[in-house]
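Chain by chain, the residues:
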Amino acid sequence: MTSSNVRCISPHKREQVFPLPVVLISTRGKDGVLNLAPWSNITPILRPLDEIILASWIKRDTLTNIRDTGEFVVNIPPASMSEQVMICSRDYPPEVDEFVKANLQPHLSQQVQVPGVEGCLAWLECTLVEEIIRKNYSLVIGKVVNLAVDQQSFNEAGEMDYEKAQPLSAMLGDKGMWFTRPVFGGRYAEYREMFTDKDIAATEK
């Protein structure tokens, strides 16, 4: 790549270089009203998948509900659910149930009182571990107390068949976003390829 192909990005547009996951986070308010919101600022914390972390603006119904109940579900939607995701993205008042607005059905959870979303690929039932508060946002750490998957989208080894499942992702643009999904990049790599011969020898002792 030559220097003529490189340009700096404005600080206000730097998020546009990141391919983002898209999940739906379901919560329940202390008044019992269900809430459903799309989320991209979320990631597992290392491996195995025991804890996750999400970033939230301070004024979000999702954050309020997590604080009040200590529970939430991370739902992994397929690309075919993009229209419902956009409906859930709207700024409804707290008393509005996004399940109803988006015509989505609850999926029974096993370890938390909050339901997941029927038709998703996987459901991570979580409890609040810690909230790290900053001026304009909070970092929420959740413990995954139960993980369930749609077995039709996973193989016997527990790996997602991403071509069949088509999990939803997104790329941000200047005035909008493109909903996307992962495709094979032409290279399969085993984890052991990340280690040197010295590392492998040390583990075999």
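Remember, it's a predicted structure, so these values are computed and weren't measured experimentally.

The rules behind the values
- Residues numbered from 1 in each chain as written.
- Predicted model: local features only at pLDDT ≥ 70, side-chain atom pairs only at ≥ 80, totals over all residues.
- Heavy atoms only, no water.
- Helix = DSSP H or I, 4+ residues; strand = E, 2+ residues; numbered from the N terminus.
- Buried < 20%, exposed > 50% of the residue type's maximum accessible area, 1.4 Å probe, protein only.
- Areas by Shrake-Rupley, 256 points an atom, 1.4 Å probe, with all protein chains shown as cover.
- Contact = heavy atoms within 4.5 Å.
- Pairing = 2+ DSSP bridges.
- Axes fitted to C-alpha atoms, helices over the stretch in contact; angles between N-to-C directions.

Visitor: Can you walk me through the overall build of the protein chain in this structure?
Guide: A tally of helices and strands in the protein chain yields five helices and 12 strands. C-alpha atoms of the protein chain, sized along the principal axes, occupy 55 × 50 × 35 Å. The buried share of the protein chain, reckoned over its 205 residues, is 34%. Within the structure as shown, the protein chain displays about 13,500 Å² of accessible surface, and the carbon and sulfur contribution to it stands at 53%.

Visitor: Explain the environment of Val114 to me, please; I cannot follow it from the model alone.
Guide: Position of Val114 relative to the elements: it lies in the loop between β7 (106-107) and β8 (116-117). With a relative accessible area of 1%, Val114 lands in the buried category. Considered as a pair, Val114 and Val100 are 14 residues apart in the sequence and their alpha carbons are 15 Å apart. With near-sequence residues (within four places) excluded, Val114 lies in contact with Ser26, Thr27, Arg28, Glu71, Val73 and Ser109.

Visitor: Where do I start with unusual backbone geometry in this structure?
Guide: Glycine aside, a negative phi is what most residues show, and trans is what most peptide bonds show. Note that the residue after Arg47, namely Pro48, is joined by a cis bond; omega there is 0°. When you line up the elements, Pro48 lands in the loop between β4 (42-44) and β5 (51-57). In the Ramachandran plot, Gln166 falls in the positive-phi region, its phi being about 55° despite a non-glycine side chain. For Gln166, the location among the structural elements is in the loop between α4 (162-165) and β11 (169-172). Take Gln166: its relative accessible area is 29%, and that puts it in the partly exposed class.

Visitor: Before we go on, may I ask you to explain the sheet that holds strand β9 (residues 122-133) in this structure?
Guide: With antiparallel pairing, seven strands are arranged side by side in an open sheet as β3-β2-β6-β9-β10-β5-β4. In the strand order of this sheet, the two ends are held by β3 (34-39) and β4, each with one partner. Looking at each pair of strands side by side, their axes are set apart by 30° on average, direction ignored. Inspection of the sheet shows strand β2 (residues 23-28) paired to β3 by six bridges, in the antiparallel sense. Looking at the pairing, Thr27 lines up with Asn35 of β3. Strands in contact with helix α1 (residues 61-69) are β2, β3, β5, β6 (71-76), β9 and β10 (137-149); relative to β2, the strand with the most contacts, it is inclined by about 50°.

Treat this as a map of the structure, not an account of what it does.
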